[in-house]
Amino acid sequence: MKKADDVLTNIDAPAEEATPYACKERRLKVGIIGTGWIADSHIMSYKQMPDVDVVAGADLIPGKADAFFKKHGMEGVRTYPNHLTMLEAEKLDAVSVCTYNMAHAVPTIDALNRGVHVLLEKPMCVTLEEAVAICKAEKKSGKVLSIGFQPRFDANMQMIKKIVDSGELGRVYYIQTGGGRRRGIPTPFGTTFIEKETGGIGALGDIGCYSLDMVLNAIGYPKPLTVSGYTSDFFGKNPATFIGRGHPEYADVFGVDDFAAAFIRLEGGIILDFRIAWAMNINTPGDTIILGTKGGLRIPSTDCWNGTVGGPMTLYHEVAGEQTETIIPIIENKGKAGLFEQKIRSFLDAILYNKPAPVPSSQIIRNQAIIDGINRSAKLGREIEINIPEI
């Protein structure tokens, strides 16, 4: 078994994290739409940015926004009962959309239509139709729209793309990816994630979008052509799943998937074999593997999508005609800023310095098209074509 530095000399090591820097000439006024648990991560990151003033927040639940900003020690932040009232009353530069899945599209479109830059939490939305509407609003507005995929900033995730781009794998033709949890249906703060009216999609959108992005970004986000999908909800519909949490009644309102699988054909003759779970009777549905004509890459799975890989990766290839394996050591993410903070900073820098969106909608719409296709295929019980309209 070879050492990584012996055989990967044509692969540049990931660049060290750029130190977040503030703009001295301009301060951005930011609003928060939706003040649930994911908004905590947004506000904590924004508080680290010396060129940002969080001036407003909106939430449909009376008193929730006030309690949110009080919890974070922020005084004088104006709060509103809905995003439209906030957008009409405030002169904002940007917003973070931190609402539940089914409410991602409308606030994003409304903000873009009012000339406000948007950082939209993942998943992008629920349906392909919504994603198309978001992208059209973005194009019309000319504003920055970035989607919240913080694993993009992990050095190990970046190394996956570097390995593919280096040519070490040759022509990629098959990918297996997914992951999930033996038991991990997310209900720590109630049923927002699991009800159809709020979540819309389950494991497929919550952690499946991360798994898809990891491999699709590595191979250049080819267009999806067809999908044969499957979804189930055996654990979510079983009261025994929630007895340990003291809420067996959650099974009565469970309306999304807790497991999904699909066989996806991508342009370029690439096959994507996908599976994801919130709950299953096994520790993992398998590692991610990327097979190419010159080599293969194994990426260890994680118990829960935490933004990086599950362990050292292995490159299977030939050296001087001999089959060998190269271990890719885990790369420590250097610098003080965490992945979430880097996500926020990259969005702000795109606004301040006229940079492209760090995680562009032109890529993530293909991610969303696959998710939407899996859902539609599962309902029809057959393979379907994926057609993404021109934006």
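Every chain begins its residue count from 1, and numbering advances along the sequence as written. Under the rules for a predicted model, residues below a pLDDT of 70 receive no local features and side-chain atom pairs below 80 are neither given nor counted, while totals for whole chains, interfaces and linings still include all residues. With hydrogens and water set aside, each side-chain value is computed from the structure's full complement of heavy atoms.

**Digging into the packing of helix H2 (residues 37-46) against helix H12 (residues 339-352)**
For the record, the criterion: For helices, the axis comes from a line fit to the C-alpha atoms of the stretch in contact; other axes are also lines fit to C-alpha atoms, and the angle between any two N-to-C directions lies between 0 and 180 degrees. Helix numbers and strand numbers start at the N terminus; a helix is a DSSP run of H or I with at least 4 residues, a strand a run of E with at least 2. For any helix crossing, the convention is left-handed if the near helix is rotated counterclockwise from the far helix by under a right angle, and right-handed if that rotation is clockwise. By the convention used here, residues are in contact when the closest approach between their heavy atoms is within 4.5 Å. Three classes are used: nonpolar for Ala, Val, Leu, Ile, Met, Phe, Trp, Tyr, Cys and Pro, charged for Asp, Glu, Lys and Arg, and polar for all others, with Gly counted as polar.
One can describe the packing of H2 onto H12 by two numbers: an axis separation of 9 Å at closest approach and a directional angle of 65°. Between H2 and H12 the crossing geometry is right-handed. Between H2 and H12, the residues in contact are Ile38, Ser41, His42, Ser45 and Tyr46 and Phe340, Glu341, Lys343, Ile344, Phe347 and Leu348, respectively. Considered class by class, the residues forming the contact of H2 with H12 number 6 nonpolar, 3 polar and 2 charged.

**Observations regarding the pattern of salt bridges**
Threshold: For this document, the term salt bridge refers to a Lys or Arg side-chain nitrogen within 4 Å of an Asp or Glu carboxyl oxygen. Using a 1.4 Å probe on the protein chains alone, a residue whose accessible area is under 20% of its type maximum counts as buried, one over 50% counts as exposed, and one in between counts as partly exposed.
Applying the stated criterion to the full structure yields 16 salt bridges. Here Asp53 and Arg27 are joined by a salt bridge, their closest N and O atoms 2.7 Å apart. Residue Asp53 is found in strand S3 (residues 52-58), and its partner Arg27 is found in the loop between helix H1 (4-7) and strand S2 (28-33); the two are separated by 26 residues along the sequence. Judged by its relative accessible area of 30%, Asp53 falls in the partly exposed class.

**A closer look at unusual backbone geometry**
Lys122 connects to Pro123 through a cis peptide bond whose omega is -10°. Turning to its location among the elements, Pro123 is positioned in the loop between strand S6 (117-121) and helix H6 (128-141). Notably, Tyr221 is not glycine yet its phi reads approximately 50°, a positive angle. In this structure, Tyr221 sits in the loop between helix H9 (208-218) and strand S9 (224-232). Positive phi values are uncommon outside glycine, yet Asn354 reaches one of about 55°. Along the chain, the position of Asn354 falls in the loop between H12 and helix H13 (361-380). A residue is classified by how much of its surface remains accessible, and Asn354, at 73% relative accessible area, is exposed.

**Quick notes on the side chain of Asp59**
This is how the line gets drawn: Positive charges come from Lys and Arg, negative ones from Asp and Glu, while His and the chain ends are left out of the count. Pairing of N or O atoms within 3.5 Å defines a polar contact, subject to two protein rules: one partner must be a possible hydrogen donor and the other a possible acceptor, and residues neighboring in sequence count only if both atoms are side-chain atoms.
Structurally, Asp59 can be placed in the loop between S3 and helix H3 (64-71). Although Asp59 lies buried, it forms no salt bridge, and the closest oppositely charged side chain, Lys64, sits 4.1 Å away as judged by the N-O distance. In terms of polar contacts, Asp59 uses its side chain to reach the backbone amide nitrogen of Thr35, at 2.8 Å. A polar atom in the side chain of Asp59 sits 3.0 Å from the backbone nitrogen of Ile61. Residue contacts for Asp59: discarding those within four places in its chain leaves Gly34, Thr35, Gly36, Lys64, Ala65, Tyr80, Pro81 and Asn82.

**Brief notes about the sheet that holds strand S4 (residues 78-80)**
Keep this limit in mind: Strands qualify as paired when DSSP identifies two bridges or more between them.
Judged by pairing direction, the sheet is parallel, and its 6 strands sit side by side in the order S4-S3-S2-S5-S6-S7 without closing on themselves. Two strands lie at the open edges of the sheet, namely S4 and strand S7 (145-148), each paired on one side alone. Across this sheet, the average inter-strand angle for adjacent strands is 25°, counted without regard to direction.

**With respect to the pairing of strand S10 (residues 259-266)**
Relative to S10, S9 runs antiparallel, the two being bridged by 8 bridges. Note on S10: the bridge partner recorded for Tyr230 is Ala261. When S10 meets strand S11 (residues 270-277), the two strands line up antiparallel, connected through 8 bridges. Looking across to S11, one finds that Ile264 is bridged to Leu272.

**Digging into empty space enclosed by the protein**
To be explicit about the condition: For cavity detection a 1 Å grid was placed over the protein atoms alone, and a set of points counts as a cavity when a 1.4 Å probe fits there but cannot get out; an open set counts as a pocket when protein lies on both sides within 12 Å along at least five of seven lines, with lining residues being those that have an atom within 4 Å of a point. Grid points are joined across faces, edges and corners, and a volume is the space filled by probe spheres set on the points.
Within this structure, the stated rule accounts for 1 cavity of 30 Å³ or more. Here the largest cavity defines a volume of roughly 60 Å³. Considering the residues around the largest cavity, the lining is formed by Gly178, Gly179, Met214, Thr288, Ile299, Pro300, Ser301, Thr302, Trp305, Thr308, Val309 and Gly310. Grouping the amino acids of the lining of the largest cavity by side-chain chemistry returns 5 nonpolar, 7 polar and no charged.

**Concerning the confidence of the model for the protein chain**
Here is the rule we go by: Per-residue confidence from the predictor is reported as pLDDT, which spans 0 to 100.
For the protein chain, per-residue confidence averages 94 on the pLDDT scale, and residues scoring 70 or more make up 93% of the total. The low-confidence segment residues 13-19 (pLDDT under 50) makes 13 contacts with residues lying over four places distant or belonging to another chain.

**Regarding the layout of surface pockets**
Within this model, the largest pocket holds a volume of roughly 1,100 Å³. Together, 45 residues line the largest pocket, and Trp37, Ile38, Cys98, Thr99 and Tyr100 are the ones closest to its centre. Contributing elements (two or more residues each) for the lining of the largest pocket: H2 and helix H5 (105-113). Residue classes in the lining of the largest pocket are distributed as 23 nonpolar, 16 polar and 6 charged.

**Notes on the packing of aromatic side chains**
For any two aromatic rings, the description comes down to two numbers: the centre-to-centre distance and the angle of the planes. Basically, it comes down to this: Two rings belonging to Phe, Tyr or Trp (six-membered ring only in the last case) form a pair when the distance between their centres is within 6.5 Å. Interplanar angles under 30 degrees mark stacking, angles over 60 mark edge-to-face geometry, and anything in between is tilted.
Enumeration over the complete set of coordinates arrives at 7 aromatic pairs. Seen in terms of ring centroids, Phe68 and Phe69 are 5.0 Å apart; in terms of plane orientation they differ by 75°. Their pairing is edge-to-face. Comparing Phe68 with Phe69, the two get one shared label, buried. Geometrically, the ring pair formed by Tyr230 and Phe259 is edge-to-face, given 6.3 Å between the ring centres and 65° between the ring planes. One end of the pair, Tyr230, is in strand S9; the other, Phe259, is in strand S10, with 29 residues separating them in the sequence. Classification of Tyr230 as partly exposed rests on a relative accessible area of 41%. An aromatic cluster of three or more residues is present, and its members are Trp37, Phe189 and Phe193.

**A closer look at the environment of Ala137**
Mapping Ala137 onto the fold places it in helix H6. Given a relative accessible area of 6%, Ala137 falls into the buried group. In this structure, the C-alpha to C-alpha distance between Ala137 and Leu112, residues 25 residues apart in sequence, is 6.2 Å.

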